[in-house]
Amino acid sequence: MRSTRGDLRSMDLDIDTVRVARTRADCALRPGEAFLGGGTFLYSEPVRPGVTGLVDLMGLGWEPWSVDGSGLRVAGTCTLAELVAGPGALGAPAGDRSGAPGPYRGLGIVGECVSALSLSAKVARTATVGGNLALGLPAGSMVGLFVALDARAVVWTPDGGSRELPVADLVTGAGRVDLAPGELLREVRVPCLALGARTVFRRASLTPTGRTAAMVTGRALPDGAGSDSAGPGGDGPGRVLLVMTASTPVPHAQLVRAGDHDALDHWIDSVDVAGGWYEDTHGTADWRAAMTRRLAHEALDELGGGA
Ligand SMILES: Cc1cc2nc3c(=O)[nH]c(=O)nc-3n(C[C@H](O)[C@H](O)[C@H](O)COP(=O)(O)OP(=O)(O)OC[C@H]3O[C@@H](n4cnc5c(N)ncnc54)[C@H](O)[C@@H]3O)c2cc1C
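The following refers to the structure shown.

**Here's the deal with the site of the ligand**
Neighbouring the ligand are 27 residues; Phe 35, Gly 37, Gly 38, Thr 40 and Thr 128 lie closest to it. Between Ser 118 and the ligand, the recorded distance is 3.0 Å, taken from a backbone N or O atom to an oxygen atom. If the ligand stood free it would expose 970 Å²; the protein chains cover 89% of that surface. When residues of the shell around the ligand are assigned to their parent elements, the largest contribution, five residues, is made by helix α4 (residues 129–135).

Shown next as structure tokens:
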């Protein structure tokens, strides 16, 4: 079956059908079907065993993103290029996160998180936020972005209902996510409070354009505020939320008091116990652990600096 989509027109995939979804009812998967976002992963890998058809989500025509009094919403079909051009542009320019506080300062890390993916501009115009999250790859930088922003994922369930979960809980292992068959990632929601917070981004890879092997994102918390996704650590003044991804199979998020580098070391040491460090051709476990530690201390210094 040949795709009819512009960027994918010349690519062939060994499947029988491609249906374009226009309504929610069209999103009910038939036996053998899988969702198609941008197709940048699906069209670059062998067809998963048992998949005989695709349901193209881009026909749903969802607004890519919107912002209102309750925060930011990003549709599962929002492309990475749309994310950068929209919410990314609302945030402070990269490298200027200590500039004038604004309602969207937290979005200053959007561009860097998208750049952390080893994608060409052409692929970024096609790849979607939902596809990146649904893959649950350790190097899926949308996970680190949205966990740092305390986002929740809205999932459409096949029975016509929906459920919400913190993005922090979405990835359950390398390439494994908490999505049952037929569940569709509708959108992610970022609360207002996180939009205006100071945020931080650090990454490391074996080569400058290589796949991200360690990534640390984070957000400064206002005095006395907590975070759903942070786990133990408590509330209190001068705390920051730090998130490590890419070097571990699942995201790890923790509240740390500003300047408390001993507590940060203690948390990083605990990763060995809680699931360990990820290892593949893009970096050994030991190297990723060392890089993560360095990046996390830098991130703590940056966010702990106030302003
Ligand atoms: C050159 C290249 C470099 C890449 N580099 C990286 C990288 O550095 N890090 C990384 O993580 N990935 C990388 N990828 C993998 C992938 O392209 C990206 O993760 C991309 O964001 C996937 O989005 P997509 O819309 O193209 O997904 P698709 O290929 O359309 O789908 C991917 C998976 O997600 C499912 N899916 C899609 N949308 C939804 C939804 N809304 N709800 C539920 N399930 C859904 C699909 O059924 C499929 O299983 C790369 C791919 C290429 C081709």
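Now that the structure has been shown, we can carry on.
**Some details on helix α7 (residues 261–270)**
Since the α-helix packs 3.6 residues into each turn, any two residues three or four apart lie on the same face. When α7 is considered as a whole, its buried residues turn out to be Leu 264, Trp 267 and Ile 268. End-on, the buried residues of α7 take up no more than an arc of 95 degrees, which puts them together on one face. For α7, the exposed residues lying more than 90 degrees away from the buried face are Asp 262 and His 266. Buried-residue contacts for α7 involve β13 (239–245), β14 (252–257) and α8 (285–304).

**Regarding the side chain of Arg 288**
The residue Arg 288 is located in helix α8 in this model. The contacts of Arg 288, once residues within four sequence positions are left out, are Thr 212, Ala 213, Ala 214, Ala 246, Ser 247, Trp 277, Tyr 278, Glu 279, Asp 280, His 282 and Gly 283.

**Overview of the pattern of salt bridges**
All chains considered together, the criterion is met by 15 salt bridges. Among the salt bridges present, the one from Asp 178 reaches Arg 163, with a minimum N-O distance of 3.6 Å. With a gap of 15 residues between them, Asp 178 in the loop between β9 (176–177) and β10 (184–191) and Arg 163 in strand β7 (residues 162–166) connect regions that are remote in the sequence. Residue Arg 189 is joined to Glu 164 by a salt bridge in which the shortest nitrogen-to-oxygen separation is 3.3 Å. One end of the pair, Arg 189, is in strand β10; the other, Glu 164, is in strand β7, with 25 residues separating them in the sequence. In this structure Arg 189 comes out as partly exposed when scored by relative accessible area, which is 28%. Shared partners join several salt bridges into a network, and the residues in it are Arg 73, Arg 152, Glu 164, Arg 186, Glu 187 and Arg 189.

**Here we look at the packing of aromatic side chains**
A full pass over the atoms with the stated rule returns one aromatic pair. Taking 5.4 Å as the distance between ring centres and 85 degrees as the angle between the ring planes, the aromatic pair formed by Trp 62 and Trp 156 counts as edge-to-face. Within this pair, whereas Trp 62 is found in the loop between β3 (53–56) and β4 (65–68), its partner Trp 156 is found in strand β6 (residues 152–156), the two being separated by 94 residues in sequence. Look at Trp 62 and you get buried, because its relative accessible area is 13%. Between Arg 24 and the ring centre of Trp 156, over which it is positioned, the NZ or CZ distance is 4.3 Å. The aromatic ring of Trp 62 is capped on one face by Arg 186, whose charged end is 3.9 Å from the ring centroid.

Quick notes on the rules
Note on numbering: residues in each chain are counted from 1, in written sequence order. The predicted nature of this model means local features are confined to residues of pLDDT at least 70 and side-chain atom pairs, given and counted, to a pLDDT of 80 or more, with totals for whole chains, interfaces and linings taken over all residues. Water and hydrogen atoms play no part in the side-chain values, which are based on all heavy atoms of the structure. We define proximity as follows: a residue is near a molecule or strand when any one of its heavy atoms falls within 4 Å of that partner. Under the rule applied, a polar contact is a pair of N or O atoms within 3.5 Å (in protein, one hydrogen donor and one hydrogen acceptor; residues adjacent in sequence only if both atoms are side-chain atoms). In these tables, accessible area is a Shrake-Rupley quantity obtained with a 1.4 Å probe, and a residue counts as shielded only by the protein chains included in the view. In this text, helices come from DSSP runs of H or I with a minimum length of four residues, and strands from runs of E with a minimum of two, each type numbered from the N-terminal end. Burial classification: accessible surface area is computed with a 1.4 Å probe over protein chains only, and a residue below 20% of its type maximum counts as buried, one above 50% as exposed, and the rest as partly exposed. When we speak of the arc, we mean the arc of directions from the helix axis to the C-beta atoms. Whether two residues touch is decided by their heavy atoms; if any such pair falls within 4.5 Å, the residues are in contact. Salt bridges are counted wherever a side-chain nitrogen of Lys or Arg sits within 4 Å of a carboxyl oxygen of Asp or Glu. Centres within 6.5 Å make a pair out of two Phe, Tyr or Trp rings, where for Trp the six-membered ring is used; the pair is then stacked when the planes are under 30 degrees apart, edge-to-face when over 60, and tilted otherwise. Should the NZ of a Lys or the CZ of an Arg lie within 6 Å of a ring centre and within 35 degrees of the ring normal, that charge is described as sitting over the ring.

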